[in-house]
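Structural overview for review
Chain by chain, the residues run as shown.
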Amino acid sequence: MKNNQNFAVRLARTHFNSCLILLFCGLLFNNCKVNSGSAGKAKSIRTLMVGGGASHDFNQWYKQADAATLRRDNFATVRYTDNTDSIAAYLPQTDVLYLANNQPINNPQVRQAIFDFVKSGKGLVLGHAALWYNWKDWPEYNLQLASGGSRGHDRYGNFNVNIINTNHPVTKGVEPAFSLKDELYYFKTDPNGPGVEVLANASVAGSDRIFPSVFVVNNPQARIVGIALGHDAESHNITPYQTLLRNAIKWAAKK
Ligand SMILES: [Zn+2]
């Protein structure tokens, strides 16, 4: 009888211990699931991409192609909009604002929100059409954010891009020289702006006219990158452009 009781007690204890182990494993498993889930999300850079305007297929090359480039491997989450009035509402959940639009940003509150965003130290990437002098009534955009702009470009065609600073995080892993078909923007820095550090130049073979193609803007708070490339498939679909874009978003996000 006593043996039976001992056996029952031992059985109960073993059962209790097994339950504890199962419970512990369950907690551990759940914990791992929660941690890996949140860590994965935390790593992705929240990017707000703005397109829309003239002369470009913003849906195809930005909303689709660039967004796919940035979403690869959960590198970034991308929200695309061509409604410039909506920008201010999205900025609080944004790490990097990627402007590619040449349509006007007319709303004064949105203009202010973009400047506040930059002042708060968040990232800004300006792509192709956004490096044009698009807005006569908003000179602060080119002067302060881009430190210059383009008022002309070569006719669409082949030209060379030469990386002149291969040590910068934005040019990391990019071929030091490549050629592509695009519009060679005549980007000029404004001497009254904060200035830029040129990372890559663009020039047509045999020509001595050289223009900045990839650069960072000297801004005391935010990291700002300008990428003058990006008219159509011939840039958006090539590896050097895609690497530059991902690097630019990452650097601008201070990651
Ligand atoms: Zn273009």
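Note that the structure is a prediction, hence the values are computed from the model and not measured. (Residues numbered from 1 in each chain as written. Predicted model: local features only at pLDDT ≥ 70, side-chain atom pairs only at ≥ 80, totals over all residues.)

Thoughts on the environment of Leu244
We count it as follows: Starting at the N terminus, helices and strands are each numbered in turn, a helix being any DSSP run of H or I of at least four residues and a strand any DSSP run of E of at least two. Contact criterion: two residues are in contact if their C-beta atoms, reconstructed from the backbone, are within 7 Å.
Assignment of secondary structure puts Leu244 in helix 7 (residues 239–252). Along the primary structure Leu244 and Thr171 are separated by 73 residues, whereas in three dimensions their C-alpha atoms are 6.1 Å apart. Every residue in contact with Leu244, bar those within four places of it in the chain, is listed here: Val170, Val174, Val214 and Ile227.

Let's talk about the environment of Asn134
Among the structural elements, Asn134 can be located in the loop between strand 4 (123–127) and helix 5 (139–146). Separated by 16 residues in sequence, Asn134 and Ser150 place their C-alpha atoms 9.1 Å apart.

Regarding the nonpolar core
Which entries qualify depends on this criterion: Nonpolar cores are identified as sets of buried Ala, Val, Leu, Ile, Met, Phe, Trp, Tyr and Cys residues joined via C-beta atoms within 7 Å. Remark: C-beta atoms are placed from the backbone, and a residue is labelled buried if 20 or more other C-beta atoms sit within 10 Å of its own, exposed if 12 or fewer do, or partly exposed between those counts.
If you look at the biggest cluster of nonpolar residues, it comprises 59 residues, and the most contacted ones within it are Val125, Ala248 and Ile249. At 7 residues, helix 7 tops the list of elements feeding residues into this core. In this structure Ala248 touches Val125, Val170, Val225 and Ile227, once residues within four positions along its chain are discounted.

Thoughts on the pairing of strand 1 (residues 45–50)
Which entries qualify depends on this criterion: If the strands point away from the viewer and the path from the first strand over the helix to the second runs clockwise, then the crossover is right-handed. Two strands pair if DSSP finds at least two bridges between them.
Most of strand 1 sits inside the fold, with 5 of its 6 residues counted as buried. Read from strand 1 through helix 2 (residues 58–71) to strand 2 (residues 76–81), the crossover connection turns out right-handed. One ladder, built from 4 bridges, connects strand 1 with strand 3 (residues 96–99); its direction is parallel. What sits directly across from Val50, in strand 3, is Leu99.

Focus: the packing of helix 2 against helix 7
Rules: In this analysis, axes come from line fits to C-alpha atoms, helices being fitted only over the stretch in contact, and the angle between any two N-to-C directions falls in the range 0 to 180 degrees. In this scheme the crossing of two helices becomes right-handed for a clockwise turn of the near helix relative to the far one and left-handed for an anticlockwise turn of less than a right angle. Gly counts as polar in this scheme, as do all residues outside two lists: the nonpolar Ala, Val, Leu, Ile, Met, Phe, Trp, Tyr, Cys and Pro, and the charged Asp, Glu, Lys and Arg.
For the pair helix 2 and helix 7, interaxial distance at closest approach is 10 Å and the crossing angle is 65°. For helix 2 against helix 7, the interelement crossing comes out right-handed. On helix 7, the residues touching Asp66, Thr69 and Leu70 of helix 2 are Gln242, Leu245, Arg246 and Ile249. Residue composition of the contact of helix 2 with helix 7, grouped by class: 3 nonpolar, 2 polar and 2 charged.

A short note on helix 7
Threshold: Expected helix span is given by 1.5 Å per residue-to-residue step, counting one fewer step than there are residues.
Counted at 1.5 Å a residue, the expected span for helix 7 with its 14 residues is 20 Å, and the 20 Å between its end C-alpha atoms agrees. For helix 7, a buried count of 11 out of 14 residues is recorded, marking the element as mostly surrounded by other parts of the structure. In the segment just after helix 7, Lys254 is the residue with positive phi, at about 60°.

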